[in-house]
Each structure stands twice: as C-alpha cells, then as structure tokens.
Amino acid sequence: MNESVAPLAGLRVLDLATLFAGPLAATMLGDFGAEVVKIEHPLKPDPSRGHGPAKDGVGLWWKLLGRNKRTMTLDLSCPGGRDVLLRLAAEADVVVENFRPGTLERWGLGWEELRAVNPRLVLTRVTGFGQFGPYARRPGFGTLAEAMSGFAAVTGEPDGPPTLPPFGLADSIAALATAYAVMTALAGRDRTGEGQVVDMAIIEPILTVLGPQPLWYDQLGYVQPRTGNRSRNNAPRNTYRTADGHWVAVSTSAQSVAERVMRLVGRPELTEEPWFASGTGRAEHAGELDEAVGHWVSRRTREEAVSAFEKAEAAIAPVQDVRDVMEDPQYRALGTLVEVDDPELGPLRMQNVLFRLSGTPGAIRWAGRPHGADTGEILAELGLSAERISSLRADGVL
C-alpha cells in the first residue's frame with residue numbers, strides 16, 4: 001500500500017485495549033493506513049497472544065489481531081509510564097482503551113488529563129457495560145453481551161438450551177461499531193476542532209443487529225422464540241442434507257425466490273395456497289415446505305443441488321467449513337483471503353481488509369509483531385534519549 005494515498009495515513013492511534021473488541025477496531029483503522037501503536041504491559045501481554053492454537057509457541061490469533069500495529073510495552077500504572085503515555089497521547093489522534101471505568105482516572109490518565117495535553121484527542125472507551133449504570137464496574141465480556149442482549153435466547157433448537165456462538169460474535173460486532181464511532185468522532189472534530197469521548201458498551205451493538213425485537217415486544221408483547229434454523233419471517237429457510245452427506249442452506253426472503261424454489265423441487269401447487277403469498281404465512285407452514293425441499297435435496301449431491309438452484313435463480317449456498325472457505329472460488333475472486341509474509345512463521349493466510357476501495361485501498365503491511373518489538377524505536381521517535389529509555393527499562397516501566 002502506498003502510504004501517501006492510504007485513506008487514514010497520518011492518523012495516529014494508541015491501542016491500550018486487550019482481547020478483542022477494542023483491539024480489533026484499532027486493527028480495522030490500521031488496515032487503511034492509520035499508524036497504530038499497540039501498548040501492552042511489560043509482564044502481562046494482551047491475552048489474545050495466548051488464545052487458541054499456536055505454532056512454534058507463537059499465538060496465531062495475535063497474528064491477525066495485531067497486524068499493521070507497532071508494538072511497545074509500558075506500565076501505565078506507574079508514574080514513569082503515565083508520563084510516557086501522556087507524551088504519546090499529545091501527538092495522537094485516537095486512544096482506544098477497555099479498562100474498567102475509573103481505572104485510567106486512578107492512574108491520572110482520565111479524560112481531563114488526556115484532554116489537557118491534546119484537546120483534539122478522541123478517547124475511545126470500550127467496556128462490557130459502558131461507563132455508567134448499575135453494571136458499569138462489573139467484568140464484561142462478549143459472552144455476557146450475547147446472553148444479555150437476547151441473542152442466546154433466540155438461538156438454538158426450540159426444545160434445546162439457549163446457545164452461545166463458538167467465537168467472539170459480540171466483540172466483533174462491537175469492534176465494527178467502534179471503528180465507525182471513531183470515524184464519526186473524528187468527522188465531528190473536523191467541524192468543531194475538539195476531540196471527545198466515545199463510550200462503547202459491548203452489550204449494545206449486538207442488540208442493534210438483532211433487529212426489531214424490542215419494537216415487536218413494545219407494540220405487540222411478542223417475544224421471539226427459539227426456532228432452530230427456521231425463521232418466523234419466511235420459509236422455506238433451513239439447512240438440508242444432500243445425498244453425498246453434505247449440507248446446503250436455502251433462503252427465501254423474497255417472494256419470487258420462494259416461488260422459484262417450490263417450482264424447482266416439484267411442488268408448484270403450493271405457490272397457489274393463500275398462505276404462500278407472504279413470508280409470515282409461509283413461516284406458519286414451514287414443516288410442509290421443509291419436507292418438500294428436504295426431500296428434493298436429499299436425492300441430489302451438493303454440487304447437483306447448488307447447480308440446479310443457480311440455474312433456477314434461487315438462493316442456496318453450501319454449508320462450508322474453513323477447509324471449503326480456503327478454496328472457495330468466490331472468496332478467491334474477491335481476494336478475501338490473502339497471504340502475508342511473516343518473519344516469525346513465514347507465509348500466513350488470513351482474512352484480507354474488510355472492504356475494497358477503488359481509489360485508496362487498504363492493505364496488510366505486516367502480521368502481528370512480537371511483544372514490545374518496537375518499544376525502543378517508538379520512544380526514540382518521541383524524543384527520549386537512550387539513557388532515559390534504559391532507565392525506564394531498569395525501573396520496570398517498559
């Protein structure tokens with residue numbers, strides 16, 4: 001990527017956060033040219049370095065989460081660390097943090113102190129429950145947001161337990177929202193000349209993507225139940241097993257697509273039923289529609305089923321695991337997965353930047369770097385002498 005044309009070139013971001021929502025938001029900014037400095041405790045690195053599988057002792061998740069970030073160590077809780085952070089913040093545009101409310105203030109690094117050294121700073125605070133309210137000081141993780149928001153309550157089979165996702169769903173949604181919030185705050189700064197605080201509670205973005213459930217309850221007293229793979233809004237909508245033991249997913253959100261599906265599977269007469277004319281009506285007859293589609297799919301291989309649906313202009317997709325994803329021709333055409341050369345592990349394949357820009361595209365410049373790899377260089381750029389840096393190291397600040 002040509003740094004001079006990267007859309008966020010010149011934007012300076014300090015990533016003080018750990019685990020996923022805050023750091024992933026900073027990664028998204030770095031992907032489009034922002035200069036992101038990841039600041040970690042000297043003795044307690046970001047726990048994401050130890051999450052999930054590792055190769056040769058190097059955490060692979062960190063290679064994704066830490067990409068396009070320079071890394072340095074700093075103990076913010078001691079006076080020397082506070083002083084260095086304030087110097088860094090004076091030259092930054094954005095600080096991302098996810099400490100419990102009151103922690104930065106206890107260290108003398110709250111909004112008042114940060115704003116005093118840099119009135120244009122955007123302080124982005126990502127916590128489980130937000131900066132105020134009865135739960136604000138509780139430990140907060142994405143799992144709790146998935147439970148509290150109503151997501152788990154509507155996920156799973158009707159006669160089964162509430163189901164949590166096996167990955168950081170709420171954190172990832174919050175990261176997307178945080179990146180959007182940062183850019184919105186920066187746009188506001190362009191107009192007012194002043195920075196501000198972003199208060200992001202992980203329990204909120206996932207509630208937004210759950211759709212109109214609060215509105216339905218408010219106006220109708222309706223509580224969405226667990227329906228497995230079925231939808232209360234349309235049918236057929238499910239996963240179906242093919243003759244060769246694979247699975248495919250079918251969606252009929254559009255009325256015209258629902259009609260094409262039923263003609264394809266040999267049940268055109270169902271499209272004449274009065275209830276078939278709306279998604280809600282079809283959902284009330286999901287059993288009959290599922291039986292028709294499931295029977296047709298079960299007599300064909302995955303390739304045959306997908307090909308027939310494609311010819312009929314009906315919506316279908318194979319249920320893929322990561323092995324399929326890595327070889328999928330559409331992902332390959334889009335460049336969704338990209339190879340990155342890493343000094344520690346060699347070539348790595350990971351997700352590419354989140355979207356494509358025709359004029360100023362983003363890029364992965366490097367994968368996640370070792371703990372504190374750039375500390376000395378960053379501090380020297382800040383104007384600290386070699387003697388001062390050595391003294392900070394000796395004191396355990398770095």
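Note that the structure is a prediction, hence the values are computed from the model and not measured.

As for the overall build of the protein chain
Stage number 1. When helices and strands are counted, the protein chain shows 18 helices and 13 strands.
Stage number 2. Dimensions of the protein chain, computed from C-alpha atoms along their principal axes, come out at roughly 85 × 50 × 40 Å.
Stage number 3. When the 398 residues of the protein chain are sorted by exposure, 45% land in the buried category.
Stage number 4. The long-range fraction of contacts in the protein chain, counting pairs at least 24 apart against all pairs at least 6 apart in sequence, stands at 68%.
Stage number 5. Total accessible area on the protein chain stands at roughly 20000 Å², and carbon and sulfur atoms take up 54% of it.
Stage number 6. On the protein chain, the mean spot of the 41 positive side-chain charges and the mean spot of the 50 negative ones are 1 Å from each other.

Some remarks on the pairing of strand β1 (residues 12-15)
Stage number 1. Inspection of the sheet shows β1 paired to strand β2 (residues 35-40) by four bridges, in the parallel sense. The partner of Leu-14 across the bridge, within β2, is Val-37.
Stage number 2. Regarding topology, helix α1 (residues 21-30) serves as the crossover connection from β1 to the parallel β2, and that connection is right-handed.
Stage number 3. In the sheet, β1 pairs with strand β6 (residues 94-97) via three bridges, with the strands oriented parallel. By the bridge assignment, Asp-15 is partnered in β6 with Val-96.

Side note on the side chain of Glu-97
Stage number 1. Its location among the elements puts Glu-97 in strand β6.
Stage number 2. A relative accessible area of 0% means that Glu-97 is categorised as buried.
Stage number 3. At 2.5 Å, the side chain of Glu-97 and the side chain of Arg-125 are in polar contact.
Stage number 4. Aside from chain neighbours lying at most four places away, what touches Glu-97 is Leu-16, Ala-17, Leu-104, Leu-123, Thr-124, Arg-125 and Val-126.

What about the packing of aromatic side chains?
Stage number 1. Tallied over the full model, the rule gives seven aromatic pairs.
Stage number 2. Ring centres of Trp-216 and Tyr-222 lie 5.8 Å apart, and the angle between their planes is 80°; this geometry places the pair in the edge-to-face category.
Stage number 3. In this structure, Arg-49 is placed above the aromatic ring of Trp-62, and the distance from its NZ or CZ to the ring centre is 4.0 Å.
Stage number 4. We note Arg-282 situated over the ring of Phe-276; from NZ or CZ to the ring centre the distance is 5.6 Å.

Re the nonpolar core
Stage number 1. In terms of nonpolar packing, the biggest core is built from 38 residues, with Val-13, Ala-34, Val-94, Ile-202 and Ile-206 touching the most fellow members.
Stage number 2. Of all elements in the fold, only α1, β6, β7 (122-127), α8 (169-192), β8 (196-201) and β13 (346-351) reach the threshold of two or more residues within this core.
Stage number 3. At nine residues, the largest contribution of residues to this core is made by α8.
Stage number 4. In contact with Val-13, not counting residues within four places along its chain, are Ala-26, Leu-29, Ala-34, Glu-35, Val-36, Val-37, Val-94 and Val-96.

Section: unusual backbone geometry
Stage number 1. For the bond from Ala-235 to Pro-236, the omega torsion is -5°, close enough to zero to count as cis.
Stage number 2. In the Ramachandran plot, Asp-56 falls in the positive-phi region, its phi being about 55° despite a non-glycine side chain.
Stage number 3. On the accessibility criterion, Asp-56 (66% relative accessible area) is exposed.
Stage number 4. A positive phi angle, close to 60°, is found at Asn-68, a residue other than glycine.
Stage number 5. For Asn-68, the position within the fold is in the loop between α2 (60-65) and β5 (69-73).

Describing the pattern of salt bridges
Stage number 1. Scanning the model with the defined rule gives 23 salt bridges in all.
Stage number 2. In this structure, Arg-125 and Glu-105 form a salt bridge, with 2.9 Å as the shortest nitrogen-oxygen distance. With Arg-125 in strand β7 and Glu-105 in helix α4 (residues 103-106), this pair connects stretches of sequence that are 20 residues apart.
Stage number 3. We classify Glu-105 as partly exposed; its relative accessible area is 36%.

A few points about the sheet that holds strand β11 (residues 316-318)
Stage number 1. The strand order across the open sheet formed by three strands is β9-β10-β11, and the pairing between neighbours is antiparallel. One side of each edge strand has no neighbouring strand; the edge strands of this open sheet are β9 (238-241) and β11. Strand after strand, the sheet turns through a mean of 30° between neighbouring axes, direction not considered.
Stage number 2. Both strand β10 (residues 247-250) and β11 contribute to a ladder of three bridges, which runs antiparallel. From the neighbouring strand, Ala-249 faces β11, where its bridge partner is Ala-317.
Stage number 3. Across the sheet, helix α13 (residues 286-298) is in contact with β9 and β10; its angle to β9 comes to roughly 35°.
Stage number 4. Of the strands in this sheet, β10 and β11 are in contact with helix α14 (residues 302-311), which crosses β11 at around 155°.

Regarding the sheet that holds β2
Stage number 1. The strand order across the open sheet built from six strands is β5-β2-β1-β6-β7-β8, with neighbouring strands paired in parallel fashion. Whereas interior strands pair on both sides, the edge strands pair on one side only; in this sheet they are β5 and β8. Ignoring which end each strand starts from, the neighbouring axes of this sheet average 20° apart.
Stage number 2. Bridging between β2 and β5 involves five bridges; their strand directions are parallel.

Calculation rules
For every chain, the first residue of the written sequence is number 1, and numbering continues from 1 along that sequence. In view of the model being predicted, local features appear only for residues whose pLDDT reaches at least 70, and side-chain atom pairs are presented and counted only at 80 or more, with totals across whole chains, interfaces and linings using the full set of residues. Side-chain numbers here rest on the full set of heavy atoms in the structure, without hydrogens or water. Helix and strand assignments follow DSSP, with helices taken as H or I runs no shorter than four residues and strands as E runs no shorter than two, numbered in order from the N terminus. Residue burial is assigned from relative accessible area. The probe radius is 1.4 Å, only protein chains are included, and a residue is buried under 20% of its type maximum, exposed over 50%, and partly exposed in between. Contact criterion: two residues are considered in contact whenever any of their non-hydrogen atoms come within 4.5 Å of each other. Surface accessibility follows the Shrake-Rupley procedure with a 1.4 Å probe radius. Residue values consider only the protein chains on display as shielding. His is not counted here, nor are the chain ends, while Lys and Arg score as positive and Asp and Glu score as negative. A single reference atom marks each charge: NZ on Lys, CZ on Arg, CG on Asp, CD on Glu. Strand pairing requires that DSSP identify at least two bridges connecting the strands. When the strands point away from the viewer, a crossover counts as right-handed if the route from the first strand across the helix to the second turns clockwise. Polar contacts, as used here, are pairs of N or O atoms within 3.5 Å; protein pairs need one atom able to donate a hydrogen and one able to accept it. Residues neighboring in sequence count only if both atoms are side-chain atoms. Side-chain rings of Phe, Tyr and Trp, where Trp is taken by its six-membered ring, are said to pair if the distance between their centres is within 6.5 Å; with planes under 30 degrees apart they count as stacked, over 60 as edge-to-face, and otherwise as tilted. The rule is short: NZ of Lys or CZ of Arg within 6 Å of the ring centre and within 35 degrees of the ring normal puts a charge over the ring. By convention a nonpolar core is built from buried Ala, Val, Leu, Ile, Met, Phe, Trp, Tyr and Cys residues, the set being connected through side-chain atoms within 4.5 Å. We define a salt bridge as a contact between a side-chain nitrogen of Lys or Arg and a carboxyl oxygen of Asp or Glu at a distance within 4 Å. A fitted line through C-alpha atoms serves as each axis, taken over the contacting stretch for helices, and the angle formed by two N-to-C directions is quoted from 0 to 180°.

Any link to function would need more than the numbers given here.
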